[in-house]
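# Coordinate analysis (summary)
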Amino acid sequence: MNIGWFSDRSICDHHIKEWGLDQKEGMYILWHKSDYCAEHDRFHMTALYVGKGNIGVRLRDHWKNKDFSDQLLIYFTCVELPNRLAKYFEQLLLDIYDFPFNKAENTGTKVLCEHFTQCEVD
């Protein structure tokens, strides 16, 4: 399963180690669950950040250093990729989409959205 979640540090510890991602390298996207879409029978998700590297380490860094207090619960999707491919796909997404928590090299203007099932957000 490549979907997980963590809470903002104001709520509790991250528990990211429990996802078993410390040996995983690749690309990941952080998501916020906006609301429920009755038409699709799924939850509407908006992308907040795209990144690459050691997924477990990077997620813990984000938990520690980014303010997710407005979102409270952050979902993530990840895919294992060699560094060169992760770097390429990350930059491609940054060129197309606007990720509110990415600061550098984020020239995109479109909003990246997805729909997750109830099972995927539980």
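In case you missed it, the structure is sitting above this.
Summary of the structure given here. This structure is a prediction, so every number in the text was calculated from the model and none was measured.

## Looking at the overall build of the protein chain
The helix and strand tally for the protein chain stands at 3 helices and 5 strands. Shown N-terminal to C-terminal, the secondary structure of the protein chain runs as helices and strands in the order β-β-β-α-β-α-β-α. For 122 residues, the compact-globule estimate of 2.2 N^0.38 gives 14 Å, and the protein chain sits close to it at 14 Å. Structurally, the protein chain occupies a C-alpha span of about 40 × 30 × 25 Å along its principal axes. Relative to its 122 residues, the protein chain shows a buried fraction of 42%. Long-range pairs, those at least 24 residues apart, make up 71% of the contacts in the protein chain with a sequence separation of at least 6.

## Focus: the layout of surface pockets
Looking at the largest pocket, its volume works out to about 200 Å³. Tyr 49, Glu 90, Leu 94, Asn 102 and Ala 104 are, among the 15 residues lining the largest pocket, the residues nearest its centre. Of all elements in the fold, only β3 (42-54) and α2 (83-96) reach the threshold of two or more residues within the lining of the largest pocket. Residues belonging to the lining of the largest pocket are distributed by class as follows: 5 nonpolar, 3 polar and 7 charged.

## Comments concerning helix α1 (residues 55-65)
Taken residue by residue, α1 has Ile 55, Gly 56, Leu 59, Arg 60, His 62 and Trp 63 as its buried positions. Buried residues in α1, looked at end-on, bunch into an arc of 155°, giving them a common side. Facing away from the buried surface of α1 by more than 90 degrees, the exposed residues are Lys 64 and Asn 65. Capping the start of α1, Asn 54 holds a side-chain oxygen 3.3 Å from the backbone nitrogen of Gly 56, two or three residues further along.

## Remarks on α2
Compared with the 20 Å implied by 1.5 Å per residue over 14 residues, the 20 Å span of α2 between its first and last C-alpha is a close match. For α2, the set of buried residues is Ala 86, Glu 90, Leu 93 and Leu 94. Buried residues of α2 fall within an arc of 100° about the axis and therefore sit on the same side. On its buried side, α2 packs onto β2 (25-37) and β3.

## Quick look at the pattern of salt bridges
All chains considered together, the criterion is met by 2 salt bridges. Measuring nitrogen to oxygen at the nearest pair gives 2.7 Å for the salt bridge that ties Arg 60 to Asp 22. Linking Arg 60 in helix α1 with Asp 22 in the loop between β1 (3-7) and β2, this pair joins segments that are 38 residues apart in sequence. Judged by relative accessible area, which is 26%, Asp 22 ranks as partly exposed. Across the pair Lys 24 and Glu 80 runs a salt bridge, and its minimum N-O distance is 3.5 Å. Of this pair, Lys 24 sits in the loop between β1 and β2 while Glu 80 sits in strand β4 (residues 73-80), placing them 56 residues apart in sequence.

## Let's talk about a nonpolar patch on the surface
Taken together, Leu 85, Tyr 88, Phe 89, Leu 92 and Ile 96 make up a surface patch of nonpolar side chains, about 420 Å² in accessible area. Mapped onto the fold, Phe 89 is located in helix α2.

Parameters at a glance
- Residues numbered from 1 in each chain as written.
- Predicted model: local features only at pLDDT ≥ 70, side-chain atom pairs only at ≥ 80, totals over all residues.
- Heavy atoms only, no water.
- Helix = DSSP H or I, 4+ residues; strand = E, 2+ residues; numbered from the N terminus.
- Rg over C-alpha atoms; globule rule 2.2 N^0.38 Å.
- Buried < 20%, exposed > 50% of the residue type's maximum accessible area, 1.4 Å probe, protein only.
- Contact = heavy atoms within 4.5 Å.
- 1 Å grid on protein atoms, 1.4 Å probe; cavity = no way out; pocket = protein on both sides within 12 Å on 5 of 7 lines; lining within 4 Å.
- Points joined across faces, edges and corners; volume = space filled by probe spheres on them.
- Nonpolar A, V, L, I, M, F, W, Y, C, P; charged D, E, K, R; others polar.
- Arc of directions from axis to C-beta.
- Polar contact = N/O pair within 3.5 Å; in protein donor to acceptor, adjacent residues only side chain to side chain.
- Expected span 1.5 Å × (residues − 1).
- Salt bridge = Lys/Arg side-chain N within 4 Å of Asp/Glu carboxyl O.
- Patch = residues over 30% accessible without salt bridge, like charges linked within 9 Å, V, L, I, M, F, W, Y side chains within 5 Å.
- Areas by Shrake-Rupley, 256 points an atom, 1.4 Å probe, with all protein chains shown as cover.

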